[in-house]
Amino acid sequence: MIPAIVVFIYLAAVLYIGIFAFRRSTHRNEAEDYFLANRSLGVFVFLLSLFGTNMTAFALLGSSGHAFANGIVTYGLMASSSALIVPLSLFLIGTRMWALGKRYGFMTPVQMFRDRWQCSHIGTVITVVQAALLVPYIIIGVMGGGTTMNAISGGRIPYWFGGAIVALVVMSYVFFGGMRGTAWVNTFQTILFLLFGAIALGVIGAGMGGFSKAVSELASSPATAALLTRERVSTLYFFSYTFIPLSSINFPHMIIFCLTAERMQHFKKTVVLYPICMLAIWLPAVFLGVAANRAVEVPAIQAKLEARRTLATQSATLSPDQKIELRRTAAGDDVLVRLLEFYAPLWLAGLLGAGIMAAVMASDSQILALSTMFTEDIFAFYEGKAKFGEAAQVHTGRIFVIVLTVIAYVIALRWPQSIFDLAVQFAFSGYSALMPLLVGALFWKRSTRWGALACTLWAAAAVIAVAVFQSVVPAPAPGTETGWGSLFGQHIISRTPAGTAVLGLLPVVPMTIISALLMIVVSMLTTKPDETTIRRYFQK
Amino acid sequence: MKRSVLVLLVVALYLLHQDVWFWRVARPFIFGFLPVGLFYHVCFTLAVSLLMWLLVRQAWPAHLEAPDKSQEDRKP
């Protein structure tokens, strides 16, 4: 129970930070203050909170679970590619969005699109698609809170109660503190993340008797040697994954965060240090996930390894229900928690549990982003602000935060997590396919609203098509695939155990390329915005 | 430094991410425990940070910080 108590103290600290931010605010009824912290974040808070905003529970729990099953490839797939693409996007796109926000008062990307392409309802379509892709994240965040509280308390705190506590805490500090509270909490959480990696590595390494022995044993066993290489994934799959981090800057919470910096200079340290932060969090998480395959003295991990062995050797004789149960047991998302439970002293397990909770609670900025989009792109745009005033707009934003959190909580109680895990996977591809919107608006004078609409509708349709395909065609057995058609020695489209492939690539590659082509072709066929608008965006 | 050189460096680093040469190799273990493929990507991450430092030094879009004189008070 001690770890659960430490986590409760952590939640109280987070709540206090949010409410303290509310008390520090001198313009509580002004939209720019509530939604963007008055564009006043300093360099340290901007770096850490922006990084924290982009790190979800997956960075700690999911990455170690993925590495537990797939090996060191997880780092190259998800961390080092993001370490290049995300800061580059911040450098090229984030700085430009910041400048336009400062100059013209934009608070959401859609406000910029509406102005840049002189469109109104097309902007609403973009808002709706962006929001639909973001909602599953918020639900996953609530679910993660329930699951983690349940695991940390040894089952004493039920899932529904743990989820309710986490949802209530997040809702409260977003409600009171707005962007300022969210940024401060994210800063605090990122510091915890960074400490977590180093401490967990030291404690678990000491507990396992050093990593050299564990790695040598992994290398000498035929069943685990592949975990130390990348042979479990194809080179095409590895290449495809570099398209996924394109989604990052397109997430509304990320691009809105870019507007909160006090000065553009703050991006400098963020861009340079972002890869180092990625390294500090992902390397321990991935390495510990791989090393967990030798932690056979941990009963829960031993059970996972047994389940994996049974699935590999007796798959033909197992019933579908048995396979589902074995896959659930073998899943590695909780390996870090299990390692800490076994190797760390109770008080330290509590502190590290708080670090895990910090990762799980990353849905705060997503809730605030949706609230900002609703109040700015819908409420204010359709005359709500003009009729009822700015204070009513901020109140609407706060009410939206409550309504959204309650809906997410109710859904989290009633629907299985697997659905939302899948939806989040699709969301990454969807946001990557929306990349031509920002690139077109900021770098291509000839881009038009119709090109933007084509690109948005394509992204939405492609996400739905892949989701339907994967629900209609069952996943084949591990190591096999069901394919249709053939080109360049690859199936044109195939159902793989992990998802879908197009010419051996992840769907995100054709989705993004076709989206860019649509932006180009449709823009060339339609009338460009007037010269005055173009001059405002492309002045020297 | 010329902008084209910086663009080439970015492209080169993107290509270096696809390190097929360490695909099926685990040894040597750097520091006794880090598989060489993982160590390569650690070095890659540090190289990215260095490249970002270079971009910030050589290609910082300082012109964006200047206010737009013609439309300064324009709001959406």
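As the structure is a computational prediction, the values presented were derived from the model and not from experiment.

A. Representation of the overall build of chain A within the structure. For chain A, the helix and strand inventory stands at 25 helices and 3 strands. Referenced to the eigenvectors of the C-alpha coordinate spread, the extents of chain A come out at roughly 70 × 60 × 40 Å. Counting every position in chain A, which comprises 540 residues, the buried fraction comes to 56%. Of all intrachain contacts in chain A linking residues separated by at least 6 positions in sequence, the fraction that spans at least 24 positions is 81%.

B. Structural detail: the packing of helix α8 (residues 159–207) of chain A against helix α20 (residues 390–414) of chain A. All names here are of chain A. Running from N to C, α8 and α20 point in directions that differ by 165°, and their axes come no closer than 10 Å. In terms of axis orientation, α8 runs roughly antiparallel to α20. For α8 against α20, the interelement crossing comes out right-handed. Residues W160, G163, A164, A167, V170, M171, V174 and F175 of α8 pack against R398, V401, I402, T405, A408, Y409, A412 and L413 of α20. When its residues are assigned to classes, the contact of α8 with α20 shows 13 nonpolar, 2 polar and 1 charged.

C. Representation of the interface of chain B and chain A within the structure. Counting from both sides, the interface comprises 35 residues of chain B and, opposite them, 44 residues of chain A. Going through the elements one at a time, α1 (3–16) and α2 (36–58) of chain B are the ones with two or more residues in the side of chain B that touches chain A. If one sorts the elements of the side of chain B that touches chain A by residue count, α2 of chain B sits on top with 12 residues.

D. Expanded view of the sheet that holds strand β3 (residues 499–502) of chain A. Residues and elements named next belong to chain A. Reading across from one edge, β1-β2-β3 is the order of the 3 strands in this open sheet, with antiparallel pairing throughout. Across the chains shown, the open sheet's two edge strands, defined by having one partner strand only, are β1 (482–487) and β3. The average undirected angle you get between the axes of adjacent strands in this sheet is 10°. As paired strands, β1 and strand β2 (residues 490–496) are joined by 5 bridges and run antiparallel to one another. Following the sheet pairing, G483 is matched in β2 by S494.

E. Molecular detail of the environment of T496 of chain A. All names here are of chain A. With respect to the helices and strands, the residue T496 is situated in strand β2. For T496, a count of 20 C-beta atoms within 10 Å puts it in the buried group. Remark: the alpha-carbon pair of T496 and S63, spanning 433 residues in sequence, is separated by 21 Å. Contacts of T496, omitting those with residues within four sequence positions, involve E481 and A501.

F. Quick look at the confidence of the model for chain B. Taken over all residues, the pLDDT of chain B has a mean of 88, while the share at 70 or more is 84%. Scored as a complex, the prediction yields pTM 0.91 and ipTM 0.91.

Thresholds, definitions, all that
Residues numbered from 1 in each chain as written. Chains lettered and ligands numbered in written order. Predicted model: local features only at pLDDT ≥ 70, side-chain atom pairs only at ≥ 80, totals over all residues. Helix = DSSP H or I, 4+ residues; strand = E, 2+ residues; numbered from the N terminus. Buried ≥ 20, exposed ≤ 12 C-beta atoms within 10 Å, placed from the backbone. Contact = placed C-beta atoms within 7 Å. Axes fitted to C-alpha atoms, helices over the stretch in contact; angles between N-to-C directions. Parallel < 35°, antiparallel > 145°, perpendicular 65-115°, else oblique. Left-handed = near helix turned anticlockwise from the far one by under 90°. Nonpolar A, V, L, I, M, F, W, Y, C, P; charged D, E, K, R; others polar. Pairing = 2+ DSSP bridges. pLDDT = per-residue confidence, 0-100.

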